[in-house]
Amino acid sequence: MQTENQCSDKDITILAIESSCDETAAAVVRNGREVLSNMISSQIDLHTLYGGVVPEIASRKHTERINQVTGEALAAAGMTLQEMDAVAVTYGPGLVGALLVGVSFAKAVSFASGIPLIGVHHIEGHISANYIDNKELEPPFVCLVVSGGHSHLVRVRDYGEYEILGRTRDDAAGEAFDKVARAIGLGYPGGPKIDKVSKEGNPDAIPFPRAKVADSVYDFSFSGLKSAVLNYLNSCEMKGIRVCQADVAASFQKAVVDVLVEHSMQAVRECGSDKFAIAGGVASNTALRAALEKECAARGIAFYRPTPIMCTDNAAMIGAAAYYEYCRGVRHGYDLNAVPNLKLGDRVQGSPGLV
Ligand code: KG4
Ligand code: ZN
């Protein structure tokens, strides 16, 4: 990897590829904020059959689809590969086999066309989705990243400069949504289904716990809440009490939202920030968005959120993050590898790539 400041005044157009989980996605993004195309081939129907993502199936489907999806992204943008300034790809965190498909493909595209390669951190992509939908947003700000694999409270000090304030100690927020949805018979993917059903339920019907982590004010823990829901369901069954699915969904969702909002507002206050953003699949939850909007407004904090399509996995967000990496002079070599447990802020060292 090479880094030196190489920001220029000319337009920078990036072909971005994302394959870290169950979406095969490619996009063309100009100057980090303008989406020229954004193609997503979702595998959700396939994985729904198994109640969750099956890694081997995800890798195989990525292999089958990535070439076509990338071609469609270039065609929809009305551009050719040779007009791209870089090809960017998610190289972690995620499912190793799924990541490898995107990384190998992007390396091949870079090698064959002579276009520089930029590896992007998936969470950095989620955070950067905010730059696409909120053109005026600039760091510093505090961002809550909540998805199926991650729950992080991040202080974005500058483009590409992150300080992790808190993270989950066990389940990610989206994972808790998915597991509880399965337990109450809603199926996969659980987040959007719980969101919908909750609108019919009473969020104060069942007093589920709001977990605190003893030695960290910002860390999250959702596995206790998930167990509390399972215990509630078991005790209802034993006592022959009919379970109201909508009340369980709404009460669970409120417990998650309360904790996310409380930690977020504390982080904003202690960082002295006047800007707060959300990102990741769970950031499209309507109750979470409404609660954060209300709390930010009450404190005079500007609240930024991506549109729902930009919250879930897509390649446009990878293209947005890659632009700022490009401007910092980041280029990766062909020894770039998939890193399934890549930490935010980690930089993989390798040989210098094309410049
Ligand atoms: O960011 P994402 O697409 O993939 C990961 O990087 O994990 O997030 C997917 C997660 C799933 O757990 C899904 O259930 C959750 O986001 N999700 C939601 C909603 N929409 C998606 N959770 C709560 N409410 C929603 N409306
Ligand atoms: Zn994601």
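Given the structure is predicted, the values throughout are model-derived calculations rather than measurements. (Residues numbered from 1 in each chain as written. Chains lettered and ligands numbered in written order. Predicted model: local features only at pLDDT ≥ 70, side-chain atom pairs only at ≥ 80, totals over all residues. Heavy atoms only, no water.)

As summarised here, the arrangement of the 5 strands in space is E8-E7-E6-E9-E10, forming an open sheet in which the pairing is mixed. Edge positions in the open sheet fall to strand E8 (161-167) and strand E10 (302-304), since each of these has one partner strand only. Across the sheet, the mean angle separating the axes of adjacent strands is 25 degrees when strand polarity is ignored. Both strand E9 (residues 275-279) and E10 contribute to a ladder of 3 bridges, which runs parallel. What sits directly across from phenylalanine 276, in E10, is phenylalanine 303. Sheet strands touched by helix H4 (residues 122-133): strand E6 (141-146), strand E7 (151-158), E8, E9 and E10. Its angle to E6, the strand with the most contacts, is close to 120 degrees. (Pairing = 2+ DSSP bridges. Helix = DSSP H or I, 4+ residues; strand = E, 2+ residues; numbered from the N terminus. Axes fitted to C-alpha atoms, helices over the stretch in contact; angles between N-to-C directions. Contact = heavy atoms within 4.5 Å.)

A few words on the site of ligand 1. In the vicinity of ligand 1 there are 19 residues, among which Gly148, Asp178, Gly191, Asp195 and Asn285 approach most closely. Separating an oxygen atom of ligand 1 from a side-chain N or O atom of histidine 126 is a distance of 3.2 Å. Contacts to ligand 1 include glycine 174, whose backbone N or O atom sits 3.2 Å from an oxygen atom. Where the shell around ligand 1 is concerned, the elements lending two or more residues are H4, helix H5 (173-183) and helix H6 (190-198). When the residues that make up the shell around ligand 1 are grouped by side-chain class, the tally is 4 nonpolar, 12 polar and 3 charged. In this structure, the shell around ligand 1 is formed jointly by two domains, domain 1 (2-130 + 311-327) and domain 2 (138-305), each of which donates at least three residues. (Near = heavy atom within 4 Å. Polar contact = N/O pair within 3.5 Å; in protein donor to acceptor, adjacent residues only side chain to side chain. Nonpolar A, V, L, I, M, F, W, Y, C, P; charged D, E, K, R; others polar. Domains from an automatic or database assignment.)

Strand order in the open sheet formed by 5 strands is E3-E2-E1-E4-E5, with mixed pairing between adjacent strands. Both edges of this open sheet fall to strand E3 (34-42) and strand E5 (117-121), since each of them pairs with a single strand only. Each strand of the sheet is rotated relative to its neighbour by a mean of 20 degrees, with strand direction disregarded. Judged from the 5 bridges that link them, strand E4 (residues 86-92) and E5 form a sheet pairing that is parallel. Looking at the pairing, alanine 88 lines up with isoleucine 118 of E5.

These results come straight from atomic positions and should not be treated as a statement about function.
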